[in-house]
Amino acid sequence: MTSKVMNWLDERLGLTGIYDSVLDRNIPKVNWWFTLGSASLFLVGLQGITGIFLTVYYVPSPDHAYDSIQYIMNGVAYGWLIRGIHHWGATLMVIVVFIHMLRTFYCAAYKYPRELTWVTGVVLLLATLGMGFTGYLLPMNQKAYWATTVGTEIPGTIPIIGPFLTQVLRGGVGISAVTLARFFSLHIWFLPALIALTIGIHMYLIIRLGISYIPTKED
Amino acid sequence: MTKSPHMSRREFVTITVGALGAIMAAVIGLPAIGYLLSPALRTQKTDAWIALGSLENYPVGEPTLFTFTRTTVNGWERTANSYGVYVYRKTEDQVTTFANLCTHLSCRVTWQDDEQVYHCPCHDGLFDIDGIVVKGPPPRPLFQYPNKIEDGILSIQLEQV
């Protein structure tokens, strides 16, 4: 019965073809360091799901942001779990993505024909750091406030356009309600959209080109 | 190919990965349901007995206003509601407690001692000392809170309005 349904669907959707090319790819003999891309993908999914759940109660306004997070932590069932996973997942994400990059670098896996996989990977690394930076302000506690103050001052050291960049990031002279709202927007719309698009390209390239083997002494 | 009586490596990996995935999905999925539902299940009790102080504080025959504020907590937000109650002691121990809200559009009514009526400033609604509509648009008499006297202390029961 199940196989009958699957066959019916397969005939129309071409599931076997997708399965063969996406999951049943030939890969060279590799080790555990080569699982970090999949680990990153899993973490992105986890961050996405827990992040969506957090928006149910979080309010991106300076007068309610902190209280709404206190409510998530103490007032809602398992709020601590959802936020805890999002919090630690974020840290883990940066670590895993970074080690993934190091592995690619040391294995010289960025060379022809995989230059674009590398370039999209760099975009993903920067977007991940951007997610970390924008997400850090959202609790609107002392640490968040001052980290964002410092973080938005860094581009201010660029000659001529620096102060302008700082103001653009902050949406004004200082950290305000406008800053919180735009960081929230970046955190839940702009950067996730960029990440989703770039992951799509990254994955397409991996499926199309495969992954490179571990370099030998002759290489 | 003859079928081996033992599980193949591929089957074992498939089952293990599936089981681990199901466990992870359950660990996040089940609490997530509670996370979404919990505020709905924890409804705040809105009815409560409010003590208005010693009955001796209220003169007989003259409606006296008592005001208080109650704060309701909705998640991360608090709303303070102010209430006004006219305590009218008809006799020593016959007490009526009126909400000072006009039954027309909920403007605050005030007791006019010289005319012996509750006056609503919005549309000139008038109620007599027993809360009965005398004149104007109010459709019903003034709302009466259920009250009780225990150990000389007057209390009213606040209900969900």
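Residues numbered from 1 in each chain as written. Chains lettered and ligands numbered in written order. Predicted model: local features only at pLDDT ≥ 70, side-chain atom pairs only at ≥ 80, totals over all residues.

Caption draft 1: Expanded view of the environment of A:Gly84. Locating A:Gly84 in the fold gives a position in helix α5 (residues 79-106). A:Gly84 sits 34 residues away from A:Thr50 along the chain, and the two C-alpha atoms are 9.3 Å apart. (Helix = DSSP H or I, 4+ residues; strand = E, 2+ residues; numbered from the N terminus.)

Caption draft 2: The sheet that holds strand β2 (residues 64-74) of chain B, seen in detail. Residues and elements named next belong to chain B. With respect to topology, 3 strands assemble into an open sheet ordered β2-β3-β4, the strand pairing being antiparallel. The two strands at the open ends of the sheet, each matched to only one other strand, are β2 and β4 (95-99). In this sheet, neighbouring strand axes are inclined to one another by 30 degrees on average, regardless of whether the strands run parallel or antiparallel. Both strand β3 (residues 77-89) and β4 contribute to a ladder of 5 bridges, which runs antiparallel. Looking at the pairing, Val 87 lines up with Thr 97 of β4. (Pairing = 2+ DSSP bridges. Axes fitted to C-alpha atoms, helices over the stretch in contact; angles between N-to-C directions.)

Caption draft 3: How the structure looks around the interface of chain B and chain A. Contact residues are listed per partner, giving 11 residues for chain B and 17 residues for chain A. The element that contributes the greatest number of residues to the side of chain B that touches chain A is helix α1 (residues 9-41) of chain B, accounting for 8 residues. When grouped by side-chain class, the residues that make up the side of chain B that touches chain A number 7 nonpolar, 3 polar and 1 charged. (Contact = placed C-beta atoms within 7 Å. Nonpolar A, V, L, I, M, F, W, Y, C, P; charged D, E, K, R; others polar.)

Caption draft 4: Seen up close, unusual backbone geometry. Here the bond from A:Tyr112 into A:Pro113 is cis, since omega is 0 degrees, no more than 30 degrees from zero. For A:Pro113, the location among the structural elements is in the loop between α5 and α6 (115-137). In this structure, A:Ala108 takes a positive phi of about 55 degrees despite not being glycine. When you line up the elements, A:Ala108 lands in the loop between α5 and α6. The class of A:Ala108 is exposed, set by 12 C-beta atoms lying within 10 Å. Of note, B:Asp151 is a non-glycine position whose phi angle comes to about 55 degrees, a positive value. (Buried ≥ 20, exposed ≤ 12 C-beta atoms within 10 Å, placed from the backbone.)

Caption draft 5: Quick look at the domain arrangement of chain B. Segmenting chain B into domains produces domain 1 (1-42) and domain 2 (48-158). Centre-to-centre, using C-alpha coordinates, domain 1 of chain B lies 60 Å away from domain 2 of chain B. (Domains from an automatic or database assignment.)

Caption draft 6: Structural view of α1(B). All names here are of chain B. Between the first and last C-alpha of α1 there are 47 Å, a value that for 33 residues agrees with the 48 Å anticipated at 1.5 Å per step. Its axis deflected by about 25 degrees at Tyr 35, α1 carries its strongest bend there, up to four residues before the proline Pro 39. Burial within α1 is sparse, with just 2 of its 33 residues counted as buried. (Expected span 1.5 Å × (residues − 1). Bend = angle between axes of the 7 residues up to and from the residue.)

Caption draft 7: How the structure looks around the packing of α6(A) against helix α9 (residues 177-209) of chain A. All names here are of chain A. One way to put it is that α6 packs onto α9 with a least axis distance of 9 Å and a crossing angle of 160 degrees. Accordingly, the angle class assigned to the pair α6 and α9 is roughly antiparallel. The crossing of α6 and α9 is left-handed. Classifying every residue of the contact of α6 with α9 by side-chain character gives 17 nonpolar, 9 polar and no charged. (Parallel < 35°, antiparallel > 145°, perpendicular 65-115°, else oblique. Left-handed = near helix turned anticlockwise from the far one by under 90°.)

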